[in-house]
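Chain by chain, the residues:
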Amino acid sequence: MTAVADSPAETGVVPTIDVTIRIRRVDPEGTPDSAPGEEYWSQFTLTMHATDRVLDALHKIKWERDGSLAFRRSCAHGVCGSDAMRINGKNRLACKTLLKDLNPARPITVEPIAGLPVEKDLIVDMEPFFASYRDIMPFLITSGPAPERERLQSPEQRARFDDTTKCILCAACTTSCPVFWTDGQYFGPQAIVGAHRFIFDSRDEGQWDRLEILNDKAGVWKCRTAFNCTEACPRGIEVTKAISEVKKALTTGEI
């Protein structure tokens, strides 16, 4: 009788794949092969498990190949939003992107998210992004004394803004927006999503203050409804829909 070898799935062995990672980099101090601030590409060929993510590949490069590689990451589970990157031309979280889903037979490109100043390699200056977020007052505004217990709302009232509570401030939506890339004033999709979360919250009393801010020339009217932001959101938030609801509130005067 001819013996038949067990498949990897039957033996519990995770198959391996060879992948090539191309990283767009910049070093403010320069390298032996590049001037200070000059962009260059580094390429690494790795043997990885089929279950590994792009973040695992970046860790392997930093820990075993090139310790100078710089990138942000924290929880590694799609919650903190630290590791948003441009992977094969699309904004994604490195910790949620499986290598096997990126056609590993071809080089996988990893770049910093666009529209924000690059500090080093895959690390960008997030301050312009957070400045816009602060501008829309992302906190509950109420009048009168604090209640003795929590402020109540019905499930229907909560559902009105539930989608936009999922935001993890990764900036994937904002840095996928072509208007944000080219306009130095636009708040960007995330700031509008952050405002939406409070504008439609029945417990909040600062709705019209936020709407006035978003009615500015840097606000919602800059949106061209490209849907890049909705496609880029790793949490599945309907970003373009939220922006349109803010526009409707401004035009109708109703929330």
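Up top is the structure these notes are about.
Everything numeric in this text was worked out from a predicted model, so none of it was measured.

A. Quick peek at unusual backbone geometry. The backbone phi angle of Asp121 is positive, close to 50 degrees, even though this residue is not glycine. If you trace the backbone, Asp121 turns up in the loop between strand E6 (118–120) and strand E7 (123–124). You can call Asp121 buried: its relative accessible area is 0%. Despite not being glycine, Leu169 has its phi angle at roughly 60 degrees, a positive value. Checked against the element boundaries, Leu169 lands in the loop between helix H4 (155–159) and helix H5 (178–182).

B. Highlighting the sheet that holds strand E4 (residues 90–93). A sheet is described by the order of its strands in space; here five strands give the open sequence E2-E1-E5-E3-E4, paired in mixed fashion. At either margin of the open sheet sits one strand with a lone partner, and together these are strand E2 (39–49) and E4. Each neighbouring strand pair of the sheet contributes to a mean axis angle of 35 degrees, computed without reference to strand direction. In this structure, strand E3 (residues 84–87) lies alongside strand E5 (residues 108–111), joined through two bridges in antiparallel fashion. From the neighbouring strand, Arg86 faces E5, where its bridge partner is Glu111. Lying over the sheet, helix H2 (residues 54–65) contacts strand E1 (16–26), E2, E3 and E5, oriented at roughly 105 degrees with respect to E2.

C. Molecular detail of the pattern of salt bridges. The full count for this structure, using the stated rule, is 18 salt bridges. Between Arg72 and Glu119 there is a salt bridge; the shortest N-O distance is 4.0 Å. Of the two residues, Arg72 sits in the loop between H2 and E3 while Glu119 sits in strand E6, which places them 47 residues apart along the sequence. What makes Glu119 partly exposed here is its relative accessible area of 41%.

D. Structural detail: helix H7 (residues 207–214). Here H7 has its buried residues at Gln207, Arg210, Leu211 and Leu214. Buried positions in H7, seen along its axis, are confined to an arc of 100 degrees and lie on one side of it. On its buried face, H7 sits against helix H6 (189–199) and helix H9 (239–252).

E. Here's a closer look at the environment of Val246. Along the polypeptide, Val246 turns up in helix H9. Residues Val246 and Ala218 lie 28 residues apart in sequence; the distance between their C-alpha atoms is 14 Å. Dropping the residues within four chain positions of it, Val246 is found in contact with Ile192, His196, Ile199, Phe200, Leu211, Leu214 and Val220.

F. Spatial organisation of the nonpolar core. Among the nonpolar cores identified, the biggest contains 62 residues, and Ile21, Ile23, Leu58 and Leu214 are the most heavily contacted of them. When neighbours within four sequence positions are excluded, Ile21 is seen to be in contact with Ser42, Gln43, Phe44, Leu46, Ala57, Ile61, Leu99, Ile108 and Val110.

G. How the structure looks around the pairing of E1. Where E1 lies against E2, 11 bridges are found, and the strand directions are antiparallel. Paired with Ile23 across the two strands is Ser42, which belongs to E2. Here E1 runs beside E5; their pairing, made up of three bridges, is parallel. Among the inter-strand pairings, Ile21 is bridged to a residue of E5, identified as Ile108.

H. Local environment of the environment of Thr164. Checked against the element boundaries, Thr164 lands in the loop between H4 and H5. Leaving out residues up to four positions away in the same chain, Thr164 has contacts with Val193, His196, Arg197, Ile237 and Ala242.

I. How the structure looks around the packing of aromatic side chains. Within the structure shown, the criterion is met by one aromatic pair. Against the face of Trp41 rests Arg22, its NZ or CZ located 4.4 Å from the ring centre. Geometry around Phe198 places Arg197 over its ring, the cationic atom sitting 4.2 Å from the centre.

How each quantity is defined
Residues numbered from 1 in each chain as written. Predicted model: local features only at pLDDT ≥ 70, side-chain atom pairs only at ≥ 80, totals over all residues. Heavy atoms only, no water. Helix = DSSP H or I, 4+ residues; strand = E, 2+ residues; numbered from the N terminus. Buried < 20%, exposed > 50% of the residue type's maximum accessible area, 1.4 Å probe, protein only. Pairing = 2+ DSSP bridges. Axes fitted to C-alpha atoms, helices over the stretch in contact; angles between N-to-C directions. Contact = heavy atoms within 4.5 Å. Salt bridge = Lys/Arg side-chain N within 4 Å of Asp/Glu carboxyl O. Arc of directions from axis to C-beta. Core = buried A, V, L, I, M, F, W, Y, C linked by side-chain atoms within 4.5 Å. Phe/Tyr/Trp six-rings, centres within 6.5 Å; stacked < 30°, edge-to-face > 60°. Lys NZ or Arg CZ within 6 Å of the ring centre and 35° of its normal.

The analysis is restricted to geometry; functional conclusions fall outside its scope.
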